[in-house]
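Architecture at a glance
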Amino acid sequence: MKDNIISEMDVTTDKIKISARDVQVYYGDNHAIKDVSVEIQDKTVTAFIGPSGCGKSTFLRCINRMNDTIDICRVEGDILIDGEDIYDSNVDPVQLRAKVGMVFQKPNPFPKSIYDNVAYGPRIHGLARNKSELDDIVERALKRAAIWNEVKDRLHAPGTGLSGGQQQRLCIARAIATEPEVLLMDEPCSALDPIATAQVEELIDELRQDYSVVIVTHSMQQAARVSQKTAFFHLGNLVEYGETDKIFTSPEDPRTESYITGRIG
Amino acid sequence: MTDTNTSMAPAGEPKRFGSLLEQSDRTKRRNAKEKRFRLYGVAAIAVGLIFLTALVVTIILNGIPAFTQTHMTLQIELPADKLDKKGERNLADIKKVSTFGYNPLIDAALVRAVTEAGVETDITKGKDLRDMLSSGAGAQLRNAVLENPDLIGTTHAFTLLTSSRVDGYMKGRVTRVSLARDKNLTPEHLNIVDGLVDTGAIRRSFSWNFITGTDASESRPEQAGMGVAMLGSFFMMLVVLVLSLPIGVAASIYLEEFAPQNTFTDFIEVNISNLAAVPSIVFGILGLAVFIQFAHLPQSAPIVGGLTLTLMTLPTIVISTRASLKSVPPSIRDAALGVGASKMQSVLHHVLPLAMPGILTGTIIGLAQALGETAPLLLIGMVGYIATNYPDGIASGFLDPNSAMPAQIYEWAKRADPAFYERAWGGIIILLVFLVTMNAIAVMLRRRFERRW
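Residues numbered from 1 in each chain as written. Chains lettered and ligands numbered in written order. Predicted model: local features only at pLDDT ≥ 70, side-chain atom pairs only at ≥ 80, totals over all residues. Heavy atoms only, no water.

At the interface, 22 residues of chain B touch 23 residues of chain A. Here chain B meets chain A over a buried area of about 1700 Å², counting both sides, of which 62% is carbon and sulfur. Across the contact surface, chain B and chain A share zero salt bridges. The interface formed by chain B and chain A holds five residue pairs in polar contact (both at pLDDT 80 or more) in total. Taken together, the elements giving at least two residues each to the side of chain B that touches chain A come down to helix 16 (330-338) and helix 17 (343-371) of chain B. (Contact = heavy atoms within 4.5 Å. Buried area = accessible area lost by both parts, 1.4 Å probe. Salt bridge = Lys/Arg side-chain N within 4 Å of Asp/Glu carboxyl O. Polar contact = N/O pair within 3.5 Å; in protein donor to acceptor, adjacent residues only side chain to side chain. Helix = DSSP H or I, 4+ residues; strand = E, 2+ residues; numbered from the N terminus.)

Our focus in this paragraph is a positive patch on the surface. Residue and element names in this part refer to chain B. A cluster of basic residues, R26, R29, R30, K33 and R36, forms a positive patch at the surface. By secondary structure assignment, the location of R30 is in helix 2 (residues 25-63). Judged by relative accessible area, which is 54%, R30 ranks as exposed. (Patch = residues over 30% accessible without salt bridge, like charges linked within 9 Å, V, L, I, M, F, W, Y side chains within 5 Å. Areas by Shrake-Rupley, 256 points an atom, 1.4 Å probe, with all protein chains shown as cover. Lys, Arg positive; Asp, Glu negative; His and termini not counted. Charge placed at Lys NZ, Arg CZ, Asp CG, Glu CD. Buried < 20%, exposed > 50% of the residue type's maximum accessible area, 1.4 Å probe, protein only.)

So, on to the sheet that holds strand 1 (residues 68-77) of chain B. Residue and element names in this part refer to chain B. Taken together, the three strands give an open sheet; going across it, the order is 2-1-3, and neighbouring strands pair in antiparallel fashion. Where the open sheet ends on each side, the last strands, each with one partner, are strand 2 (155-161) and strand 3 (202-206). The sheet shows a mean angle of 35° between the axes of neighbouring strands, direction not considered. Pairing geometry for strand 1 and strand 2, over seven bridges, is antiparallel. Note that in strand 2 the partner of H71 across the bridge is L161. Packing of helix 5 (residues 99-117) onto the sheet brings it into contact with strand 1 and strand 2, and relative to strand 1 it is tilted by some 95°. (Pairing = 2+ DSSP bridges. Axes fitted to C-alpha atoms, helices over the stretch in contact; angles between N-to-C directions.)

Once that is clear, we can look at the nonpolar core. Generally speaking, soluble globular proteins have nonpolar side chains that are buried together. Core analysis: the biggest nonpolar cluster contains 44 residues, and A:V118, A:L142, A:I172, A:L183, A:M185, A:L207 and A:V213 have the highest contact counts within it. The element best represented in this core is helix 7 (residues 164-177) of chain A, accounting for six residues. If we skip the residues at most four places from it in the chain, A:M185 touches A:L60, A:V103, A:I172, A:I204, A:V213, A:V214, A:I215 and A:V216. With 42 residues, the next largest nonpolar core counts B:F210, B:M236, B:L288 and B:A368 among its residues. (Core = buried A, V, L, I, M, F, W, Y, C linked by side-chain atoms within 4.5 Å.)

Here it is, written out as C-alpha cells:
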C-alpha cells in the first residue's frame, strides 16, 4: 500500500491546464452546479471530494462534455482547456474527448478482446498507420496501465473475462491509448478491492508525469494518498480548493472540516 | 375470532410466539392460500396444454392425408395413326391432337384393366370408367407424350391421378353411402376400385405434387398443390425483409439513440405502438388504396403483398429493435464516447452488435407474423386468384399475379369439395412447418449471437 508520501510531493508545474469560470449546470430545473470556478494544473492529480449528490461527478463530466449526452442537461459558464473554450460552438465534442480521456466508476470494457479494447481508440482516431504500429500502441498502453504482464499471453481473450481490478486497469489502458492530455477518473476504485485499489492508485501516481489527472473519489484516504490538489464540493458549490495537505490538515471552511472529520456527508 | 384467541397466550401474559414446531392458524391460512394460488397456475397451464394438444392433433389428423395421393397405373396403347398421322414425329403435328384425342386411349386401357382384374360390373363403357380418373388425366397423358414423342406406337405404363372421390375412398372420406347422392361417381365404381386395388393398379402414395404443385380448378382438387403459393409467399417475404429490416432498424436507431426527447418524438413513439395494434385488414385497404389504386402496381402481385405486409411488420420490428437497443447497458455507450468515438461510431461499433440478437429475433418473429397474415391479402386480390402457373423468372415472381400460403389455405377452405377441405388442413401443416422453422432459427440466432458483458 502507498503511504502519505505521495501527497507530500511538490506540485511540479504551475501551468494551468483546465480553467473553469462561473460554471453552472442545470438538470432541467435542478441547479446541480453553482458558480464553480477552479483552475486545474497540468501534470497534477486533482481530487474532487464531497458527499453523494454534491455535483463532483457532474462537474467532472463537464470537462469532456459527456453531459452533452443527457438531453435535459444545460451548462453555462466557461471551461477552458489550454486557453480554449470547450463549450465554443466550433468545438467538436468528439475531438475534445480524444484529448480528455475518461475512466468510469464501473469497469466497462467492450465485450471484445483485450487487444481490441485498447486498439479501439487509436483505430478510430487513425493513430496507427499499420498493424505493427497498432501493436506497439496497445503494448505501450497496457504496460503503462501496469496490466501488460497479466494479459500479454491472452491479448485475444475477451476483456470481460478479467477480474474487476484488471478490467479497470484495462479501461485505463484504453483511455491512455489515445494519448490524451487530461485523464478524468470518476470514482475509478469504488468497485475494486483494496489490493486492486492500491494498484490503480500507484498507476494514477505514475500517470501524473504525463497527464493532468482529475479524480472523483468518495474515499478521503484515497484523495490524501494520490492527489496534490483537492477540491471539496458540497450541495453544488465548490467550498474549498487547495493543496491536498492543507485541505486535510487545516481546512479554512467549517463545512470542509466537518466533512473530513466525518461529521457530515 | 375464536381461533386467534386460542393461539394467543392467555390475557395478562403477552406471549408473542408459540412453539415453532406447530404452525399458527395465520401461517396455516397463508400456506393454504399459496397452495391454492399455485394450483390455479398449474390449472391454467394444463388448460393451455390441452388446447395446444387438441389443435396439433386435429391439424395432423386432418392434414396428413393431403400429403398422399391415389394414382392408377394403366397400360395405355399409343397408336401412331391416331396421335401422329403423318408419322414424322414432328412436335407441331403431335400437338394438334388435343386432350380429347387421348381420352379414348385411356378409356380402352381402363376397359382392359377392369377385364384383367376380373371385376364383374355393370359399367362397361370406358367413358363411364373414366370417372374414376381425374378430369386432368387426358392432359396428363398428353403432356407425357409431348415430352417423349418416342412413346408413340408403343404400349406404355402411365401412372395417372385418380379422381378426388376415388382418392377420398382410399382415405376413408368417401363411402358407398355418401356416393349414393353423388353425381360424380357411383357406388358401383367403388367395386371396380376394390378390384383394381387388389391387382395393384390403384395405389396410394406420398405425393410431392401437393408440396410443389400448382393450384387447380374447382373440379380437380386431386391436382391442387401448394408450390406456387409458396413461391408467392417467398417473394413477398423477400420484399418484406428487404424493406422492413433496414427501414425499421434505421428508424429505431434514430429514435432510440439520436432523436431529442420532445413532444414530436413522443407523438411518433405513441403512434408506432398504436400501429402495432392496428388490425391487419386496415393495412390491407391502405395497400389497396396506395399501391394499387394510386401507384398502379399490378393487382394480386407479390410485390404489392410484400409492400402491404411491410407496413404491418415495420412497427413490430421497430418495437423489438428499440427494446433490444435499450437493453444494451449505457456504460458501453459511455465507454465508446469516452475514448472519443462519435455517436454514430458508438452505435455502429458497439451498441448495434450487442443488440443484434434481439433485432434478428424481432425481425424473424415479424416475418413469421407476416407470413401467416391473410386479411390484407384479401383486399389486394391475392385471394381468389387460382395460381396455376409457376412464375417464370424473378421479375415475374414479383410482378405476376400469385397467391400466398395462407391465402391459398383460405381459398381451399372456401371451396365446396371436401377434398379441398382436406388440402386446406394439409396447407396449414406446411405453413406451420415454416413458422416453427422460422421461430427455431430465431432462437438459434439468439443463442449464437448472445454475448455477456
